[in-house]
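For reference, the chains in residue letters:
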Amino acid sequence: MATFSARTTLEGDLDAGTDTFTTESVLNMPTTATGDFTPGGTVVAPEYDPAEFTYVGYGPQGWIGTSDVWGTVYFSQGAFADAPASFTYQTGAFPSFSANVTAGGTIDPDTMTFTVNEVDNMPTTVMGDFSPGGILDVPEYDPGTFDYFGYGPNGWIGYNEDWGYVYFTTDALEDVPATFTYSTGTFVVCFLAGTRLATPTGETPVEALSIGDLVLTADGRAAPVRWVGVQTVVRAFADPLRSFPVRITAGALQQNLPLRDLLVSPDHALLLDGLLVQAGALVNGTTIVRETAMPERFTYFHVELDDHALILAEGVPAESFLDTVTRRRFDNHADYEARYGDTAPRLTELPSPRVKSARQLPAALRARLAARAIALAGTAAVA
């Protein structure tokens, strides 16, 4: 049985078509619920009568349950004053993480390094929002409310005023490193491992590229790779909407484009009709979808050139790395600093307008993609 403590409850409605919860009323009522936080599971919130809810899914800071008497209720760790009017929810199991060991320590934000001061062989199981700004309740601690700070190789880092920075890890007691590099977020703008990029010698998996290798750009150049950023995403700490890849089915954009299924992070932009369209804005639920069944760890790669350019990923013009995103989000940021030193932004963004959400997508482009989806569905039916 898992337990989750909430600060407020929000009553509202679900729109399964858009995966949106819309708030109708908010109660400043703390709850501690126990039960099965998987779809269809029973969760008991004793502050309610009747207390049984059927688990539906989760939002940014809590879980959603339904009851014949109470309707749809969102149990949130957010403050009453910060209750959202609406939010996007997920229908999977509520994120949780079980650790074997906790380690208190200090952080160095300049080097993104956590230094362990003491280690305690204390198992913990935590449920909640493993993203920047998230609040996590650790019942084994008193006080046990931690702000999510980031994650390390095998666990997450939380902060509270009494305990300071604590690393909750699956490592065995004797395997906890004295120091390690941490990440403070889940923001990724990259290609998933396995994505093939066009080069003068043929298509090459992005993870096989090295500094100095040549890649082909959409304007016909053979451009040298300046750096390949590597970012490992740990599923337990990732926000699926921001971190899980978008799958663009072969042929979804136009005939034979992409050449094969293309998987990129939601914020990675592709050039369509003269616009830099972020992949998340293209999701239609059929030929362009958000991946949900990701492994415990997966890896993104981003290719930096001497300019912000369009490289060919599975045949589709896709943006190269733009250094307005800090390199410290990448596992190998120290390699860049050792080679080039200064990490200040130096690139000029491509002039094409950027489309960040579905509502910004031009009607003509939306219609063309919808027609492609119908055509692909017909092809599949014939096959």
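Parameters at a glance
- Residues numbered from 1 in each chain as written.
- Predicted model: local features only at pLDDT ≥ 70, side-chain atom pairs only at ≥ 80, totals over all residues.
- Heavy atoms only, no water.
- Pairing = 2+ DSSP bridges.
- Helix = DSSP H or I, 4+ residues; strand = E, 2+ residues; numbered from the N terminus.
- Axes fitted to C-alpha atoms, helices over the stretch in contact; angles between N-to-C directions.
- Buried < 20%, exposed > 50% of the residue type's maximum accessible area, 1.4 Å probe, protein only.
- Salt bridge = Lys/Arg side-chain N within 4 Å of Asp/Glu carboxyl O.
- Phe/Tyr/Trp six-rings, centres within 6.5 Å; stacked < 30°, edge-to-face > 60°.
- Lys NZ or Arg CZ within 6 Å of the ring centre and 35° of its normal.
- Contact = heavy atoms within 4.5 Å.

Taken in spatial order, the seven strands of this open sheet run 14-15-16-17-11-12-18, and their pairing is antiparallel. Edge positions in the sheet fall to strand 14 (135-137) and strand 18 (179-181), since each has one partner strand and no second. Ignoring which end each strand starts from, the neighbouring axes of this sheet average 45 degrees apart. By the bridge criterion, three bridges tie strand 14 to strand 15 (residues 145-152) in an arrangement that is antiparallel.

The next thing to look at is unusual backbone geometry. Of note, the bond from D49 into P50 is cis; its omega dihedral lies within 30 degrees of zero at 0 degrees. Among the structural elements, P50 can be located in the loop between strand 5 (42-44) and strand 6 (52-59). In the segment running from L257 into P258, the intervening peptide bond is cis, with an omega of -5 degrees. Mapping P258 onto the fold places it in the loop between strand 25 (246-248) and strand 26 (262-264). In this model, D19 sits at a positive phi of 55 degrees, which is unusual for a non-glycine residue. A relative accessible area of 33% means that D19 is categorised as partly exposed. The phi dihedral of N256 falls on the positive side, at around 65 degrees, and the residue is not glycine.

This part is about the sheet that holds strand 8 (residues 71-76). Ordered by their spatial adjacency, nine strands build an open sheet running 1-4-5-6-7-8-2-3-9, and the pairing between neighbours is antiparallel. Either end of the sheet is taken by a strand with one partner, and the two such strands are strand 1 (2-6) and strand 9 (86-88). Strand after strand, the sheet turns through a mean of 40 degrees between neighbouring axes, direction not considered.

Now for the pattern of salt bridges. Two side chains of opposite charge can pair, provided their charged atoms sit close to one another. Scanning all chains against the criterion turns up 12 salt bridges. For the salt bridge of R221 with D219, the shortest nitrogen-to-oxygen distance reads 3.2 Å. Judged by relative accessible area, which is 55%, D219 ranks as exposed. Ionic pairing is found between R368 and D273, a salt bridge with its closest N-O pair at 2.7 Å. Placement of the pair is R368 in helix 3 (residues 363-382) and D273 in the loop between strand 27 (269-272) and strand 28 (275-278), with a sequence separation of 95 residues. On the basis of relative accessible area, D273 is assigned to the exposed category, the value being 51%. Shared partners join several salt bridges into a network, and the residues in it are R196, E203, R260 and E314.

On to the packing of aromatic side chains, then. By the definition in use, this model includes 34 aromatic pairs. An angle of 50 degrees between the planes, with centres 6.0 Å apart, marks the rings of F114 and Y167 as tilted. With F114 in strand 12 (residues 113-120) and Y167 in strand 17 (residues 164-169), this residue pair connects regions lying 53 residues apart in the sequence. Overall, F114 belongs to the buried group, its relative accessible area being 0%. Overall, the relative accessible area of 0% leaves Y167 in the buried class. One aromatic cluster in this structure is built from F4, F37, Y48, F53, Y55, Y58, W63, W70, F75 and F94. Above the plane of the ring of Y340 lies R226, whose end atom (NZ or CZ) is 3.8 Å from the centre.

What follows deals with the pairing of strand 28. Both faces of the sheet carry side chains from a regular strand, because those side chains alternate between them. Residues L275 and V277 of strand 28 are buried on one face, and the alternating residues L276 and Q278, pointing to the opposite face, are buried as well. The sheet contact formed by strand 27 and strand 28 spans four bridges and is antiparallel. When the sheet's bridge partners are listed, A269 is paired in strand 28 with Q278. Joining the antiparallel neighbours strand 27 and strand 28 is a turn of two residues, in which D273 adopts a positive phi near 50 degrees. Sheet topology note: the strand 28/strand 33 (residues 354-355) ladder contains two bridges and is parallel. Bridged to L276 within strand 33 is R354.

Considering the arrangement of structural elements, one finds D129 in the loop between strand 13 (124-127) and strand 14. Residue D129 is classed as buried on the basis of its relative accessible area of 13%. Taking C-alpha positions, D129 is 22 Å from G105, a pair spaced 24 residues apart along the chain. With residues near it in sequence (within four places) discarded, D129 still touches P60, Q61, G134, I135, L136 and Y148.

With that settled, the discussion passes to the environment of L253. Summarising the element assignment, L253 is placed in the loop between strand 25 and strand 26. Among the residues examined, L253 registers a relative accessible area of 3% and is labelled buried. Taking the C-alpha atoms as reference, L253 lies 9.5 Å from A370; in sequence the two are 117 residues apart. Discounting chain neighbours no more than four positions away, the residues touching L253 are I248, P258, L270, L272, I288, V316, R368, L369 and R372.

Moving on: the side chain of N332. As for its position among the elements, N332 is in the loop between strand 32 (316-319) and helix 2 (333-340). On the accessibility criterion, N332 (14% relative accessible area) is buried. Every residue in contact with N332, bar those within four places of it in the chain, is listed here: W227, V228, G229 and V230.

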